[in-house]
Amino acid sequence: MTLTGVEGARSELGRSLLERKHLSADWLPAFAAVPRSAFLPPVVWPFDMGTGTTVVVDQRDEPDLWSSYANADVPLVTQWDDGSSDGHGSVPTSSASMPSVVFRMLSALEVEPGHRVLEVGTGTGWNAGLLVHRLGAGNVVSIEIDPRVADAARDRLAAQQLLGAVLTRDGEDGDETGAPYDRIIATAGVRQIPPAWLRDAPGGMILAPWGTHFGNEEALVRLRVSEDGGIAEGRFLGPVEFMRLRGQRSSFAGHDAYVPNGVAGADRGTTTVTEEQLLGGGDRFAARRFAVGLLVRNCSQQVADKRDGTRPVWFYGLTDRSWACVLFQDGHAEATVWQSGPRRLWDEVATALAWWRAAGEPGYERLGLTVTAHGRCAWLDRPADSWQL
């Protein structure tokens, strides 16, 4: 791809982001000055959101294809298995996020001149570079837990003359020495907002992809922190999906640990809840799945592929070995349900789903989160209508 071609691809990406209102006018200068391609390694694995598959692209072998992906609105995996795999591994553990997600989050951060920002999850360094371009190197501190990822990001930021402070440590610990911060932005999914973040941003804002263990997806939450750092509260802004902080990955032990001998011996029943009512047409970013996850605590839902008109959906308790399975079959008015263990997980899910429908099928924007050093609550419409998580 020629230089003109690369510039054209970046311009097309910029136009697309502007048209979809992901890139706001105040971030346009940073987009123009800080190319994503300058922060990518030679080998990337573009991720297909539709199929959940990746392909490998090596800049040295396919420079044009590499450039096209660098300037496309797709996520790019940059590390597998915490760096233990040189090539395609089992679990993606670092990536370059979709530009649309990057700029949607930066816009939601609502930074102003002079603001100090703590970023948790340096990754490639592109997000930090955009922040430094906007706010200045002295106002941006980024934390990365992986030493090799942190070193590579420092090199790329320095090469672009955008190097702020990049700390190699666990982001859950925050940065008490450098606090207070006006903004904290996490570029990794969390299941708990660390108390250190409230401590480090008194009177400020925390923006993070937050979710439950019910599914892999998160919703972006924007929390306003009290002046004393004792409480943070705010609404969800919409669905996202990120790799999780290392210390907050799922504790799911695997199907065989729950159901070693099949469903024989489990309690059996039926339900009139339909596949559509539970799954919403298979949209993994559907608000119903997120809302149900807020109500059914410490539970993982896993949806199997449909085969010959039959789809099982499994639920696993994460604090014991309770499990449930609902089996949907095309053309059947009722689905078969199996449940085992001290928790009746399907009953919990069905109750949560009924609550969501009775509440008017609320979207993300009606749901919110309150966090203190001692716990967290979710709520519908207003903090007074909350329940413990």
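Residues numbered from 1 in each chain as written. Predicted model: local features only at pLDDT ≥ 70, side-chain atom pairs only at ≥ 80, totals over all residues. Heavy atoms only, no water.

> I'd love a proper account of the overall build of the protein chain, names of residues and values included.
Along its length, the protein chain carries 11 helices and 20 strands. Summarising its shape, the C-alpha atoms of the protein chain cover approximately 65 × 55 × 40 Å along the three principal directions. Sorting the 389 residues of the protein chain into buried and exposed places 51% on the buried side. The contacts of the protein chain with a sequence gap of at least 6 include a subset with a gap of at least 24, amounting to 58%. Approximately 17100 Å² of the protein chain is accessible, and the part contributed by carbon and sulfur atoms is 49%. The distance from the centre of the 37 positive side-chain charges to the centre of the 49 negative ones in the protein chain is 3 Å. (Helix = DSSP H or I, 4+ residues; strand = E, 2+ residues; numbered from the N terminus. Buried < 20%, exposed > 50% of the residue type's maximum accessible area, 1.4 Å probe, protein only. Contact = heavy atoms within 4.5 Å. Areas by Shrake-Rupley, 256 points an atom, 1.4 Å probe, with all protein chains shown as cover. Lys, Arg positive; Asp, Glu negative; His and termini not counted. Charge placed at Lys NZ, Arg CZ, Asp CG, Glu CD.)

> An account of unusual backbone geometry is needed here, citing residue identities and associated values.
Note that the residue after alanine 179, namely proline 180, is joined by a cis bond; omega there is 10°. Residue placement: proline 180 occurs in the loop between β8 (165-168) and β9 (183-186). A positive phi is found at glutamate 110, a non-glycine position, where the angle reads about 55°. With respect to the element layout, glutamate 110 can be found in the loop between α4 (99-109) and β6 (117-120). Located in the positive-phi region is aspartate 308, a residue other than glycine, with phi close to 50°. Counting through the fold element by element, aspartate 308 comes out in the loop between β14 (299-303) and β15 (310-317).

> Provide a residue-level description of the sheet that holds strand β16 (residues 323-329), including the pertinent values.
Strand order across the open sheet formed by five strands is β13-β17-β16-β15-β14, with antiparallel pairing between neighbours. Bordering the open sheet on either side are β13 (267-271) and β14, each of which pairs with just one other strand. On average, each strand axis in the sheet is tilted by 20° relative to the strand beside it, whichever way the strands run. Judged from the five bridges that link them, β16 and strand β17 (residues 335-340) form a sheet pairing that is antiparallel. Looking at β17, one finds that cysteine 325 is bridged to tryptophan 338. In this fold helix α11 (residues 345-358) packs onto β13, β14, β15, β16 and β17, with an angle of close to 105° to the strand it touches most, β15. (Pairing = 2+ DSSP bridges. Axes fitted to C-alpha atoms, helices over the stretch in contact; angles between N-to-C directions.)

> I'd like a description of the side chain of asparagine 71, backed by residues and values.
Locating asparagine 71 in the fold gives a position in the loop between α3 (63-70) and β4 (76-80). Judged by its relative accessible area of 7%, asparagine 71 is buried. A polar contact is formed between the side chain of asparagine 71 and the backbone oxygen of serine 67, at a distance of 3.0 Å. Not counting residues up to four positions away in its chain, the partners in contact with asparagine 71 are Val6, Ala9, Arg10 and Leu13. (Polar contact = N/O pair within 3.5 Å; in protein donor to acceptor, adjacent residues only side chain to side chain.)

> An account of the nonpolar core is needed here, citing residue identities and associated values.
Ile193, Trp197, Trp210, Leu278 and Phe315 are the most contacted members of the largest nonpolar core, which has 57 residues in total. Aside from chain neighbours lying at most four places away, what touches isoleucine 193 is Leu198, Ile206, Ala208, Trp210, Leu223 and Val371. Counting residues in hydrophobic clusters, the runner-up holds 34 residues, among them Phe39, Leu131, Leu162 and Phe242. (Core = buried A, V, L, I, M, F, W, Y, C linked by side-chain atoms within 4.5 Å.)

> Describe the side chain of threonine 54, and please don't skip the residues or the numbers.
In this fold, threonine 54 is placed in strand β2 (residues 53-54). Apart from the residues lying within four places of it in its own chain, the contact partners of threonine 54 are Trp45, Pro46, Phe47, Val77, Trp80 and His88.

> For the layout of surface pockets, give the residues involved together with the corresponding values.
Estimated volume of the second largest pocket: approximately 400 Å³. Surrounding the second largest pocket, 18 residues form its lining, Pro41, Thr78, Gln79, Val149 and Arg156 being those nearest its centre. Elements that contribute at least two residues to the lining of the second largest pocket include exactly β1 (43-48), β4 and α6 (147-159). Of the residues contributing to the lining of the second largest pocket, the split by class is seven nonpolar, seven polar and four charged. (1 Å grid on protein atoms, 1.4 Å probe; cavity = no way out; pocket = protein on both sides within 12 Å on 5 of 7 lines; lining within 4 Å. Points joined across faces, edges and corners; volume = space filled by probe spheres on them. Nonpolar A, V, L, I, M, F, W, Y, C, P; charged D, E, K, R; others polar.)

> Summarise the packing of helix α10 (residues 287-295) against α11; cite the residues concerned and give the values.
In contact at an axis separation of 9 Å, α10 and α11 are set at 125° when each is read in the N-to-C sense. The orientation of α10 with respect to α11, classified from their angle, is oblique. Here the hand of the crossing between α10 and α11 comes out right-handed. Residue-level inspection shows Ala287, Arg288, Ala291, Val292 and Leu295 of α10 in contact with α11, the latter providing Val349, Ala352, Leu353, Trp355 and Trp356. (Parallel < 35°, antiparallel > 145°, perpendicular 65-115°, else oblique. Left-handed = near helix turned anticlockwise from the far one by under 90°.)

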